Amino acid sequence: MLYPDLKARLEILNIHTNVIRKVPLAKDMDLEYIARVTEYWSGAELEELVLRAARKALEEDADIVSMKHFSRALETFKVNQNERQEQLRRYLQLAEEFTNDTEFLEHLKKS
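Calculation criteria
Residues numbered from 1 in each chain as written. Predicted model: local features only at pLDDT ≥ 70, side-chain atom pairs only at ≥ 80, totals over all residues. Heavy atoms only, no water. Axes fitted to C-alpha atoms, helices over the stretch in contact; angles between N-to-C directions. Helix = DSSP H or I, 4+ residues; strand = E, 2+ residues; numbered from the N terminus. Parallel < 35°, antiparallel > 145°, perpendicular 65-115°, else oblique. Left-handed = near helix turned anticlockwise from the far one by under 90°. Contact = heavy atoms within 4.5 Å. Nonpolar A, V, L, I, M, F, W, Y, C, P; charged D, E, K, R; others polar. Core = buried A, V, L, I, M, F, W, Y, C linked by side-chain atoms within 4.5 Å. Buried < 20%, exposed > 50% of the residue type's maximum accessible area, 1.4 Å probe, protein only. Polar contact = N/O pair within 3.5 Å; in protein donor to acceptor, adjacent residues only side chain to side chain. Phe/Tyr/Trp six-rings, centres within 6.5 Å; stacked < 30°, edge-to-face > 60°. Lys NZ or Arg CZ within 6 Å of the ring centre and 35° of its normal.

Visitor: I'm lost on the packing of helix H1 (residues 6–19) against helix H3 (residues 43–59) in this one. Help?
Guide: The geometry of a pair of packed helices is captured by two quantities: the angle between their axes and the separation between those axes. Running from N to C, H1 and H3 cross one another at 45°; their axes reach a closest spacing of 9 Å. The angle between the axes of H1 and H3 places the two elements in the oblique class. For the crossing formed where H1 meets H3, the hand is right-handed. Together, Arg-9, Ile-12, Leu-13, His-16 and Thr-17 of H1 and Gly-43, Leu-46, Glu-47 and Val-50 of H3 make up the contact between the two elements. Tallied by class, the residues present in the contact of H1 with H3 amount to four nonpolar, three polar and two charged.

Visitor: Got a minute to help me understand the packing of H3 against helix H4 (residues 67–75) in this structure?
Guide: Taken N-terminus to C-terminus, the directions of H3 and H4 make an angle of 120°; their axes are 8 Å apart at the nearest point. By the criterion of interaxial angle, the relationship of H3 to H4 is oblique. The two elements H3 and H4 cross, and the hand of that crossing is right-handed. Facing H3, whose interface residues are Leu-49, Val-50, Arg-52, Ala-53, Lys-56 and Ala-57, H4 presents His-69, Phe-70, Arg-72, Ala-73 and Leu-74.

Visitor: When you look at the nonpolar core in this model, what are you seeing that I'm missing?
Guide: Across soluble globular proteins, you tend to see nonpolar side chains buried next to one another. Ranked by size, the top nonpolar core spans 21 residues in total, and within it Leu-13, Met-29, Ile-34, Trp-41, Leu-49, Val-65 and Phe-70 carry the most contacts. Those elements that place two or more of their residues in this core are H1, helix H2 (31–37), H3 and H4. Looking at which element gives the most residues to this core, the answer is H3, with six residues. Aside from chain neighbours lying at most four places away, what touches Ile-34 is Leu-13, Met-29, Leu-49, Met-67, Phe-70 and Leu-74.

Visitor: Explain the side chain of His-69 here, please?
Guide: Mapped onto the elements, His-69 comes out in helix H4. With relative accessibility at 2%, the residue His-69 sits in the buried group. Engagement of the side chain of His-69 in a polar contact is seen with the side chain of Glu-60, the distance being 2.9 Å. When near neighbours in sequence (up to four residues on either side) are disregarded, His-69 contacts Ala-53, Lys-56, Ala-57, Glu-60, Ala-62 and Ile-64.

Visitor: Sorry if this is basic, but what is going on with the packing of aromatic side chains here?
Guide: Where two aromatic rings form a pair, the distance of their centres and the angle of their planes describe that pair. Under the definition given, this model contains two aromatic pairs. Aromatic pair Tyr-3 and Tyr-40: ring centres 6.2 Å apart, planes at 85°, arrangement edge-to-face. You can see Tyr-3 sitting in the segment before H1 and its partner Tyr-40 sitting in the loop between H2 and H3, a full 37 residues away along the chain. Here Tyr-3 matches Tyr-40 in class, with each residue buried. Between Trp-41 and Phe-77 the ring centres are 4.7 Å apart and the planes differ by 45°, which places this aromatic pair in the tilted class. Remark: Phe-77 occurs in the loop between H4 and helix H5 (81–98) and Trp-41 occurs in the loop between H2 and H3; sequence separation between them is 36 residues. Across the pair, Phe-77 and Trp-41 agree in class, each one buried. The ring centre of Phe-77 lies 3.9 Å from the NZ or CZ of Arg-52, which sits over that ring.

In structure tokens, the structure reads:
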């Protein structure tokens, strides 16, 4: 179970704000910052973050979604990054123990 890296998280956020949904973002919106602070988040959690930020904007009758809305939405999540990092270490140990595919193991270690 690998989590998306920074580039993938940014792409997921872009897709959920510009492609799947047309979320009107404020000019000061910094999706790269959001991608950086959401390390070890799944794609589904990032999608939910976009939805929660949009709901926060709707609650204020705002026409655009701003960093303030994303910050408030971030506060509603309980994602333990240390726990997820440890979980990934355990998965890697299991993979090292039970696979003979060195190319796959090297890919896992890089990610």
